[in-house]
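Each chain, letter by letter, is given below.
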Amino acid sequence: MTSTPGSAGPTAEATPPPSEPPAPGADGRIRRFSRAERWVHRVTGALMLLCVVTAGCLYVPQLAELVGRRRLVVTLHEWSGLLLPLPLLLGLGSRALRADLGRLNRFLPYDKEWLRAVRRRDPRPEARPAGKFNAGQKLYAGWIAGAVLVMLGTGLLMWFTGLTPVLWRTSATFVHDWLALAIGIVLLGHIGMAYGDPQARRGMRTGSVDRAWAEREHPRWKEE
């Protein structure tokens, strides 16, 4: 079966463009995240949690005494940090994930409106226009990606002690420790925001969200 020039063929009609949310099903829900995206998020979250918990056990004396087995904790911390970028790298084979990374990496004019509304503490949805991801989610994604790369680089300098001068290792330890504290605080904020929005959690858990929620919280999703 063929299609005439200038008209959409059967395949184009069956597959919605990646920048537009699929039409809602009979239950009024639309697809938000693919299975690959949810897998990447879960595995990355588990590795990040392991990395943060083991860091706490290494730096907080009370936790260190409670857990013990420092060598095992150090090994878990090192390998969970080293493997942290792996789920995302494997997930790049997903077209949906690549499309969403493009959205997260692109700031649009209405993202500035969203940030201004946050600064004014204006809670009205119409004052906070957003595409599939709001400006806060874009800032968080960019910051955490950069922080993970810095943590990976400084961690490697601390791990391979014989390859770099003492000054480099001392500086890397300073950056690594303080950035770890910042990441812990930001992650607590991220988890708190997620628990404050059950529909967003459901979207990451099941892959779909209510159409009414999408239209209210992400009204520019379809047009971006």
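Nothing here was measured: the structure is a model prediction, and the numbers come from that model.

Trainee: How do you make sense of the overall build of the chain when you look at a structure like this?
Mentor: Tallying secondary structure elements over the chain gives 11 helices and two strands in all. Listed by position from the N terminus, the elements making up the chain come as α-β-α-α-α-α-α-α-α-α-α-β-α. Considering the chain as a whole, with its 224 residues, one finds that 29% of them fall into the buried category. Across the chain, contacts joining residues at least 24 apart in sequence account for 68% of those joining residues at least 6 apart.

Trainee: Quick question: what am I supposed to make of the packing of helix 2 (residues 35-59) against helix 4 (residues 70-82) here?
Mentor: What describes two packed helices is the angle between their axes and the distance between those same axes. Relative to each other, helix 2 and helix 4 sit at 145°, their axes nearing to 8 Å. For the element pair helix 2 and helix 4, the recorded crossing hand is left-handed. Contacts from L47, L50, C51, T54, A55, C57 and L58 of helix 2 reach helix 4 at R70, V73, V74, L76, H77, S80 and G81. Residue classes in the contact of helix 2 with helix 4 are distributed as nine nonpolar, four polar and one charged.

Trainee: Honestly, the environment of I30 in this entry has me stumped. Any pointers?
Mentor: Tracing the backbone through its elements, the reader meets I30 in strand 1 (residues 29-31). Put simply, I30 and V209 are 179 residues apart on the chain and 5.6 Å apart in space, counted from C-alpha to C-alpha.

Trainee: It is not clear to me how the packing of aromatic side chains should be interpreted in this structure. Could you clarify?
Mentor: Aromatic ring pairs are reported here in terms of the distance separating the ring centres and the angle at which the planes meet. For the coordinates displayed, the defined rule picks out three aromatic pairs. A centroid spacing of 6.2 Å and a plane angle of 35° characterise the contact between F33 and F133, whose relative ring orientation is tilted. Taken together, the residues F33 in the loop between strand 1 and helix 2 and F133 in the loop between helix 7 (109-119) and helix 8 (135-159) connect sequence positions 100 residues apart. For the pair shown, F33 and F133 are each scored as buried. For the ring pair W79 and W159, a centre distance of 5.8 Å and an interplane angle of 85° mean the geometry is edge-to-face. Residue W79 is found in helix 4, and its partner W159 is found in helix 8; the two are separated by 80 residues along the sequence. Ring-pair connections join several aromatic residues into one group, and the members of that group are W79, W159 and F160. Above the face of the W114 ring, R128 is positioned so that its terminal group lies 5.8 Å from the ring centre. Residue placement shows K138 over the ring face of F107; its charged tip is 5.8 Å from the ring centre.

Reading the values: rules and limits
Residues numbered from 1 in each chain as written. Predicted model: local features only at pLDDT ≥ 70, side-chain atom pairs only at ≥ 80, totals over all residues. Heavy atoms only, no water. Helix = DSSP H or I, 4+ residues; strand = E, 2+ residues; numbered from the N terminus. Buried < 20%, exposed > 50% of the residue type's maximum accessible area, 1.4 Å probe, protein only. Contact = heavy atoms within 4.5 Å. Axes fitted to C-alpha atoms, helices over the stretch in contact; angles between N-to-C directions. Left-handed = near helix turned anticlockwise from the far one by under 90°. Nonpolar A, V, L, I, M, F, W, Y, C, P; charged D, E, K, R; others polar. Phe/Tyr/Trp six-rings, centres within 6.5 Å; stacked < 30°, edge-to-face > 60°. Lys NZ or Arg CZ within 6 Å of the ring centre and 35° of its normal.

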